[in-house]
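Understanding the architecture of this molecule
Single-letter residue listing:
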Amino acid sequence: MTTSIHLPPHRLSAAARRLRDDVRSFLDGELAAGTFVPRCDAWMSVADPAFSRRLGARGWIGMTLPSAYGGHDRSPLERFVVTEELLAAGAPVAAHWIADRQMAPSILRHGSPSQRERYLPAIARGECYFAIGMSEPDAGSDLASVRTRARQVDGGWEITGTKVWTTGAHFAHAIVVLARTDGSPGDRHAGLSQFVVDLPAPGVEIRPIRTIDGEHHVNEVIFDAAVVAEDSLLGERGAGWRQVTAELAHERSGPERYMSTVPLLRAWAEHVRQHGDASAERELGGLTARAWTLRQMSLSVAAALAEGRPPEIAAALVKDLGSRFEADVVETVRRLAGIEPRKHGPGLEGLLAEAILHSPAFTLRGGSNEILRSVVARGLGVR
Ligand SMILES: Cc1cc2nc3c(=O)[nH]c(=O)nc-3n(C[C@H](O)[C@H](O)[C@H](O)COP(=O)(O)OP(=O)(O)OC[C@H]3O[C@@H](n4cnc5c(N)ncnc54)[C@H](O)[C@@H]3O)c2cc1C
């Protein structure tokens with residue numbers, strides 16, 4: 001039977017709108033003080049621990065965590081407002097992004113009391129950063145085929161295997177590793193487990209992978225019989241697939257999946273205002289309308305998360321549409337702005353160069369668009 005995807009419009013509360021004003025004035029102050037310049041894709045590639053600590057001090061990291069763990073008891077919708085403003089400003093948030101977005105909820109849900117005490121307050125202060133160790137050289141889209149193994153040994157677990165495309169592992173304080181502990185090839189979803197491994201660690205080598213922009217954002221992480229403590233296991237042994245699937249809903253559902261190039265769109269809007277012609281204005285209007293629609297959809301997914309409704313299918317749809325929008329912004333500006341993109345160049349030139357070099361990753365990271373469309377089709381009962 002075919003079902004449908006519901007994305008009912010959501011109106012933010014007055015408290016959330018006031019919070020937005022607070023975040024905007026904080027960001028205006030930071031920009032005026034010259035602590036950052038707007039960058040495209042900054043949530044993935046521009047890390048500034050001092051900036052993260054300042055956000056932590058304002059209560060804008062770990063917002064949905066309970067105060068008992070250093071959090072702020074705020075709703076996912078209030079967190080949405082904060083992340084949206086940080087993305088629109090192109091602020092340097094990559095240091096804490098993964099920890100805040102998915103590891104804090106995951107550790108709160110599945111972690112032992114000691115894991116919660118150890119990591120959650122530090123995450124909320126903007127001082128503890130995480131990497132995601134899911135993908136492997138032969139297991140990206142087909143995550144259930146991970147070959148990294150964890151074997152129980154005296155006093156802990158021995159992990160052997162290679163993770164790849166691991167964002168931020170070179171500055172992270174910990175990595176969450178998906179590994180096979182049990183199970184048979186016949187039932188690939190059973191027998192996977194997650195481990196929290198502090199970094200750096202003996203037996204764990206982190207090698208940089210340079211992306212097309214020549215920079216170091218992602219890594220290969222090699223576990224060579226690395227022995228980690230007994231209580232590194234996150235959640236239940238063998239429940240890794242279920243835990244990872246829930247985590248991916250957080251990874252895929254946020255506004256960063258359509259806002260990576262919004263700083264470029266904003267800079268181009270200003271350029272069009274000063275120099276534009278009618279056709280540039282028309283295209284700008286079209287992109288702005290799409291941004292507005294995606295924003296309504298993304299907000300609706302955040303509302304579903306806040307109400308405890310499963311958002312996986314709608315999140316996959318928004319990420320597919322959103323990541324294509326991000327790339328369309330780049331192509332439109334490249335075609336119409338009449339400027340030469342220049343890496344590290346000022347304003348629009350630099351933003352365009354950066355966005356061009358990052359755009360091949362938009363439809364891959366967090367799950368490729370082809371895979372997301374399969375998730376949507378299966379969710380709609382299409383065979
Ligand atoms: C910038 C960047 C950062 C990343 N950060 C992280 C990270 O921090 N941690 C982490 O674990 N991973 C990370 N990844 C990895 C990312 O999740 C994978 O690249 C992604 O899941 C695709 O896997 P793959 O690269 O192995 O490609 P493959 O799985 O080999 O796929 C290659 C192509 O084949 C298509 N394809 C594969 N299977 C099917 C199918 N069944 N039907 C139709 N088409 C199919 C895919 O859509 C894709 O276009 C990152 C990737 C990038 C680019």
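Residues numbered from 1 in each chain as written. Predicted model: local features only at pLDDT ≥ 70, side-chain atom pairs only at ≥ 80, totals over all residues. Heavy atoms only, no water.

**What to know about the site of the ligand**
Filter applied, for reference: Neighbouring residues are identified by heavy atoms, a residue being near a molecule or strand if any of them is within 4 Å of it. As used in this structure description, the phrase polar contact means that two N or O atoms lie within 3.5 Å; if the pair is within protein, one of them must be able to donate a hydrogen and the other to accept it, and residues adjacent in sequence are counted only when both atoms belong to side chains. Computed with the Shrake-Rupley method and a 1.4 Å probe, the accessible areas treat only the protein chains shown as cover for residues. Classes in brief: Ala, Val, Leu, Ile, Met, Phe, Trp, Tyr, Cys and Pro nonpolar; Asp, Glu, Lys and Arg charged; the others, Gly included, polar. Domain start and end points were adopted from an automatic or database domain assignment.
Ser135, Ser141, Trp165, Ser368 and Glu370 are the nearest of the 17 residues found near the ligand. Taking Ile132, its main chain carries an N or O atom lying 2.8 Å from a nitrogen atom of the ligand. In this structure, an oxygen atom belonging to the ligand sits 2.5 Å away from a side-chain N or O atom of Ser368. Protein chains bury 65% of the 970 Å² of accessible surface belonging to the ligand in isolation. The residue makeup of the shell around the ligand, split by class, is eight nonpolar, seven polar and two charged. Residue assignment places the shell around the ligand across two domains, with domain 2 (132–238) and domain 3 (243–379) each supplying three or more.

**Structural notes on unusual backbone geometry**
Applied cut-off: For helices the rule is a DSSP run of H or I covering at least 4 residues; for strands it is a run of E covering at least 2, with both sets numbered from the N terminus onward. Remark: exposure states derive from per-residue accessible area (1.4 Å probe, protein chains only) relative to the maximum for the residue type, with buried under 20%, exposed over 50%, and partly exposed in between.
Of note, the amide linkage connecting Leu199 to Pro200 takes the cis form, showing an omega dihedral of -10°. Turning to its location among the elements, Pro200 is positioned in the loop between strand S5 (192–198) and strand S6 (204–210). Phi is positive for Asp73, close to 50°, though the residue is something other than glycine. In this fold, Asp73 is placed in the loop between helix H3 (49–57) and helix H4 (76–89). At His344, a position not held by glycine, the phi torsion is positive, near 65°. Assignment of secondary structure puts His344 in the loop between helix H11 (312–336) and helix H12 (347–358). The exposed category is assigned to His344, whose relative accessible area is 66%.

**Quick notes on the pattern of salt bridges**
Definition in use: By salt bridge we mean one thing: a side-chain nitrogen of Lys or Arg within 4 Å of a carboxyl oxygen of Asp or Glu.
Considering all chains together, one arrives at 30 salt bridges under this definition. Glu127 is the partner of Arg125 in a salt bridge, and the nearest nitrogen-oxygen pair spans 2.9 Å. Judged by relative accessible area, which is 42%, Arg125 ranks as partly exposed. A relative accessible area of 36% means that Glu127 is categorised as partly exposed. Two residues, Asp182 and Arg237, come together in a salt bridge whose shortest N-O distance is 2.8 Å. Here Asp182 is found in the loop between strand S4 (174–180) and S5, whereas its partner Arg237 is found in the loop between strand S8 (233–234) and helix H7 (240–253), with 55 residues between them in sequence. Judged by relative accessible area, Asp182 falls into the partly exposed class, the value being 28%. In this structure Arg237 comes out as partly exposed when scored by relative accessible area, which is 37%.

**Some remarks on the domain arrangement of the protein chain**
For clarity, the threshold we go by: Only heavy atoms enter the contact rule, under which two residues are in contact if any of them lie within 4.5 Å. The buried area of a pairing is the accessible area, by a 1.4 Å probe, that goes missing from both parts when the two are put together, added over both.
Assigned domains of the protein chain: these are domain 1 (14–129), domain 2 (132–238) and domain 3 (243–379). Taken over C-alpha atoms, the centre of domain 1 sits 25 Å from the centre of domain 2. With 20 residues of domain 1 in contact, the opposing surface of domain 2 contributes 17 residues. When domain 1 packs against domain 2, the two sides together hide about 1,400 Å² of surface, and 62% of this comes from carbon and sulfur. Counting every contact that joins domain 1 to domain 2 gives one salt bridge. Between Arg118 and Asp198 there is a salt bridge, with the nearest N and O atoms lying 2.2 Å from each other. Along the contact surface separating domain 1 from domain 2 lie seven residue pairs in polar contact (both at pLDDT 80 or more). Elements represented by at least two residues in the side of domain 1 that touches domain 2 include exactly helix H2 (42–45), helix H5 (94–110) and helix H6 (113–124). Here the element with the most residues in the side of domain 1 that touches domain 2 is H5; it accounts for nine residues.

**Thoughts on the UniProt feature "domain: Acyl-CoA dehydrogenase/oxidase N-terminal" (unreviewed entry) in the protein chain**
Heads up, the rule is: UniProt positions are given in the numbering used here, feature names are shortened, and annotations may be inferred rather than shown by experiment.
Those residues carrying the UniProt feature "domain: Acyl-CoA dehydrogenase/oxidase N-terminal" (unreviewed entry) are residues 16–127 in this numbering. The span residues 16–127 carries 66% helix and 0% strand; its end-to-end C-alpha distance comes to 25 Å.

**Description of H4**
In plain terms, the rule: Multiplying 1.5 Å by the helix residue count minus one yields the expected span of that helix.
The end-to-end C-alpha separation of H4 is 20 Å, in line with the 20 Å expected for 14 residues at 1.5 Å each. Counting buried positions along H4 gives 13 out of 14 residues, so the element sits mostly inside the fold. Positive phi appears at Gly90, one or two residues downstream of H4, with a value of about 65°.

**Remarks on H5**
Selection criterion: A residue's bend is simply the angle between two axes: one fitted to the seven residues ending at it, one to the seven starting at it.
Look at H5: 24 Å from first C-alpha to last across 17 residues, which is about the 24 Å you get at 1.5 Å a residue. The largest bend in H5 comes to about 45°, at Met103, with the proline Pro105 one to four residues further on. Among the 17 residues of H5, 14 are classified as buried, and the element is accordingly described as predominantly covered.

**Points about the packing of aromatic side chains**
Counted only if it meets this: The rule is short: rings of Phe, Tyr and Trp, with Trp giving its six-membered ring, pair when the centres are within 6.5 Å, and they are stacked under 30 degrees, edge-to-face over 60, tilted in between.
On inspection of all chains with the given rule, the structure shows seven aromatic pairs. Relative to Phe51, the ring of Phe26 has its centre 6.0 Å away and its plane inclined at 50°; by these criteria the two rings are tilted. One end of the pair, Phe26, is in helix H1 (residues 14–33); the other, Phe51, is in helix H3, with 25 residues separating them in the sequence. We note that Phe26, like Phe51, is buried. Put simply, the rings of Phe26, Phe36, Phe51 and Trp60 pair up and form one aromatic cluster.

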